[in-house]
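Here is what each chain is made of, one letter per residue.
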Amino acid sequence: MDRTRPSTPGVHDGSGAHGTAAPGTGLLRRRRRAAVATALAGILLGTLSGPASATSTASATASGPAAVECPANLAEKATCYTGRDSDGAYYAIAVPRNWNRSLVVHAHGGPDLGAESDPERSTGDLERWSVMVDEGYAWAGSSYRRGGYGTRMAAADTEKVRRLFVEEFGEPRRTYVHGQSWGGDVAAKVVETYGAGKRGPYDGALLTNGVLGGGSRGYDYRVDLRVVYQYYCQNHPRPTEAQYPLWEGLRAGSTMTSAGLGARLQECTGLESAPQDRTALQQRNLDDILGVTGVPERTLESHLRFATFTFRDIVHNRLGGRNPFGNQGVRYSGSHDDRALNAGVERFSADPTAVRDLSYDSDLTGKVDIPVLTLHAIDDPTAFVEHESAYRDSLRGAGRERNLVQTFSRESEHSGLSDSEYANSISALDSWVRTGRKPTPKSVAASCPAFDADHGTGCFYDPGFRPGSYASKVNARPGGLRWPAMTSGQEKAWSRIDGVGIAP
């Protein structure tokens with residue numbers, strides 16, 4: 001594995017595969033950044049990830065990159081910058097002193113549900129994935145222009161921060177997009193929208209613990225959780241409260257908080273109590289909910305939050321009150337009385353235009369023309385590993401499976417994987433792009449110990465693992481066994497419809 005890095009620090013001189021910068025542009029960029037940094041000295045205060053920066057930049061207008069203090073784990077290793085783009089999205093950039101002249105553009109997960117861009121999101125992710133900078137890659141990540149759902153919007157903001165990087169620091173030799181969780185869907189959308197063809201700016205993609213089933217199918221198990229929970233608990237909403245169809249997640253005007261939802265979950269299931277402290281009914285409710293939905297106990301509350309608050313955002317804020325979800329014909333099993341459950345659970349059908357708009361926004365066509373490497377925790381309790389099967393089948397359906405290598409780790413967390421594996425993965429992708437030699441799960445696993453010698457966080461690959469089909473984990477709806485969920489032909493046809501999708 002080639003781990004050599006150029007020793008020349010500073011700004012890229014502009015040479016490389018994608019273009020050449022004019023002589024002297026590096027100096028001009030440095031002078032411009034210095035001027036911007038001076039002008040924003042009273043706005044961007046504290047460390048890159050500190051609360052002062054988040055508070056003081058909230059009302060700032062668009063600004064170029066201003067030099068700020070790097071996170072502690074990158075001190076003395078990189079130069080860091082923050083700014084805000086013309087659409088209102090905050091961003092963070094880091095250029096390592098041992099820059100290898102390649103760039104990682106990061107797409108964050110979520111989605112966060114705040115009304116505006118959160119400056120701490122991009123800076124926090126820089127700290128979280130600082131291993132990429134440690135390995136010599138420049139980093140650029142956007143907080144997106146607003147909170148709430150919008151995969152194409154997030155993809156556009158991700159592409160925009162790449163362009164901002166190029167304007168300020170020159171064209172990298174190679175550019176990779178990375179996304180984790182919902183950011184995996186965003187990064188995959190970046191690949192299909194901006195990386196397609198030989199002239200696309202992206203050379204490869206790394207998708208980790210990605211929600212790769214897309215929006216129109218990727219949340220069906222949370223739809224099931226929402227209705228199964230209500231069947232057993234009858235407290236979301238309570239009979240004495242205003243009623244609404246459960247596909248809304250939560251009625252538009254509700255003031256319920258996450259803490260309030262957690263209290264109702266505790267009331268019904270005793271989730272936070274030791275098993276011996278639960279009532280018999282609480283334990284049976286919990287067993288039935290988990291048994292039917294397949295949601296792990298440790299992430300039950302987070303999944304229910306998504307099926308409540310994010311569903312409300314999707315339905316009321318993004319789709320004008322239309323319903324993109326359905327569960328007609330689904331046969332629920334795994335409870336103490338499946339017959340009663342199926343007779344009593346709430347049923348509904350999706351609005352076809354809402355399904356179309358959510359699908360256009362977030363489903364993937366599989367039309368991929370660059371190398372894509374994925375890494376997924378086998379026991380991920382949030383983005384189930386079967387999402388990888390959905391993605392594999394989407395690329396296969398589009399005739400592009402040759403551009404995909406999938407790797408799996410015996411880890412059991414969603415929020416982060418081993419730094420040694422992240423470092424190894426970006427290196428394996430880079431080697432594939434540079435040499436044209438496609439790796440295998442076995443070869444990727446074999447190269448990890450060399451990175452673990454530096455990072456010491458462990459290598460947990462299982463080269464022989466292959467996940468079951470998406471339908472083996474999630475109840476398929478009519479037509480849900482065919483992948484991709486949205487063909488490139490459908491995408492093209494829908495793109496001609498005025499107002500299609502989700503507005504940025």
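About the thresholds
Residues numbered from 1 in each chain as written. Predicted model: local features only at pLDDT ≥ 70, side-chain atom pairs only at ≥ 80, totals over all residues. Heavy atoms only, no water. Helix = DSSP H or I, 4+ residues; strand = E, 2+ residues; numbered from the N terminus. Expected span 1.5 Å × (residues − 1). Disulfide = S-S within 2.5 Å. Polar contact = N/O pair within 3.5 Å; in protein donor to acceptor, adjacent residues only side chain to side chain. Buried < 20%, exposed > 50% of the residue type's maximum accessible area, 1.4 Å probe, protein only. Contact = heavy atoms within 4.5 Å. Core = buried A, V, L, I, M, F, W, Y, C linked by side-chain atoms within 4.5 Å. Axes fitted to C-alpha atoms, helices over the stretch in contact; angles between N-to-C directions. Parallel < 35°, antiparallel > 145°, perpendicular 65-115°, else oblique. Nonpolar A, V, L, I, M, F, W, Y, C, P; charged D, E, K, R; others polar. Left-handed = near helix turned anticlockwise from the far one by under 90°. Pairing = 2+ DSSP bridges.

Moving on, we get to helix 8 (residues 220–233). Side chains three or four residues apart in an α-helix point the same way, a direct result of the helix having 3.6 residues per turn. Its 14 residues give helix 8 an end-to-end C-alpha distance of 20 Å, which sits within 8% of 20 Å, the value for a rise of 1.5 Å per residue. Looking one or two residues past helix 8, glutamine 234 carries a phi angle of roughly 55 degrees, positive in sign.

What follows covers the state of the cysteines. By definition, a disulfide links the sulfur atoms of two cysteines through a covalent bond. A full pass over the atoms with the stated rule returns three disulfides. Between the sulfur atoms of cysteine 70 and its disulfide mate cysteine 80 the distance is 2.0 Å. Where cysteine 70 bonds to cysteine 80 through sulfur, the torsion about that S-S bond is close to 105 degrees, and the disulfide is right-handed. Placement of cysteine 70 in the loop between strand 1 (63–68) and strand 2 (78–84) and of cysteine 80 in strand 2 is noted, with a sequence separation of 10 residues between them.

Note that asparagine 342 resides in helix 12 (residues 338–344). At 2.8 Å, the side chain of asparagine 342 and the backbone oxygen of aspartate 338 are in polar contact. A polar atom in the side chain of asparagine 342 sits 3.1 Å from the side chain of arginine 347.

The next thing to look at is the side chain of histidine 236. Its location among the elements puts histidine 236 in the loop between helix 8 and helix 9 (258–269). Note on histidine 236: relative accessible area 0%, which makes it buried. Polar side-chain contacts of histidine 236 include one of 2.9 Å to the side chain of threonine 308. For histidine 236, the residues in contact, after removing those within four places along its chain, are Arg226, Tyr229, Gln230, Tyr244, Leu246, Gly249, Leu250, Met256, Leu261, Arg264 and Thr308.

Leu300, Phe325 and Tyr391 are the most contacted members of the largest nonpolar core, which totals 86 residues. The contact partners of phenylalanine 325, leaving out residues within four places of it in the chain, are Tyr219, Val223, Trp247, Phe311, Ile314, Val315, Phe348, Ser349, Ala350 and Leu358. Listed in part, the 33 residues of the second largest apolar core include Val68, Trp432, Val444 and Phe451.

To continue, consider the packing of helix 9 against helix 10 (residues 280–293). Helix 10 packs onto helix 9 with a crossing angle of 110 degrees between their chain directions and a minimal axis gap of 6 Å. Considering the angle they form, helix 9 stands roughly perpendicular to helix 10. For the pair helix 9 and helix 10, contact is made by Gln266, Glu267, Cys268 and Thr269 and by Gln282, Gln283, Asn285, Leu286 and Ile289, respectively. Taken together, the residues of the contact of helix 9 with helix 10 sort by class into three nonpolar, five polar and one charged.

Let us now look at the packing of helix 8 against helix 9. Look at helix 8 against helix 9: their axes get within 10 Å of each other, and the N-to-C directions meet at 55 degrees. Here helix 8 is positioned oblique relative to helix 9, judged by the angle of their axes. Relative to helix 9, the crossing made by helix 8 is left-handed. Contacts from Tyr229, Tyr232 and Cys233 of helix 8 reach helix 9 at Arg264, Leu265, Cys268 and Thr269. Counted by class, the contact of helix 8 with helix 9 contains five nonpolar, one polar and one charged residues.

So, about the pairing of strand 7 (residues 204–210). Most of strand 7 is tucked away, with seven of its seven residues classed as buried. As judged from the six bridges shared by strand 6 (residues 174–181) and strand 7, these two strands associate in the parallel manner. Each bridged residue has a counterpart across the sheet, and for valine 177 the counterpart in strand 7 is alanine 205.

This part covers helix 15 (residues 419–435). With 17 residues, helix 15 extends 24 Å between its outermost C-alpha atoms, agreeing within 8% with the 24 Å of an ideal straight helix rising 1.5 Å per residue. Counting buried positions over the 17 residues of helix 15 gives 13, a clear majority of the element. One side-chain oxygen of the residue at the start of helix 15 lies 3.2 Å from the amide nitrogen of serine 420, identifying that residue as serine 418. Directly beyond the C-terminal end of helix 15, a positive phi value near 80 degrees is found at glycine 436.

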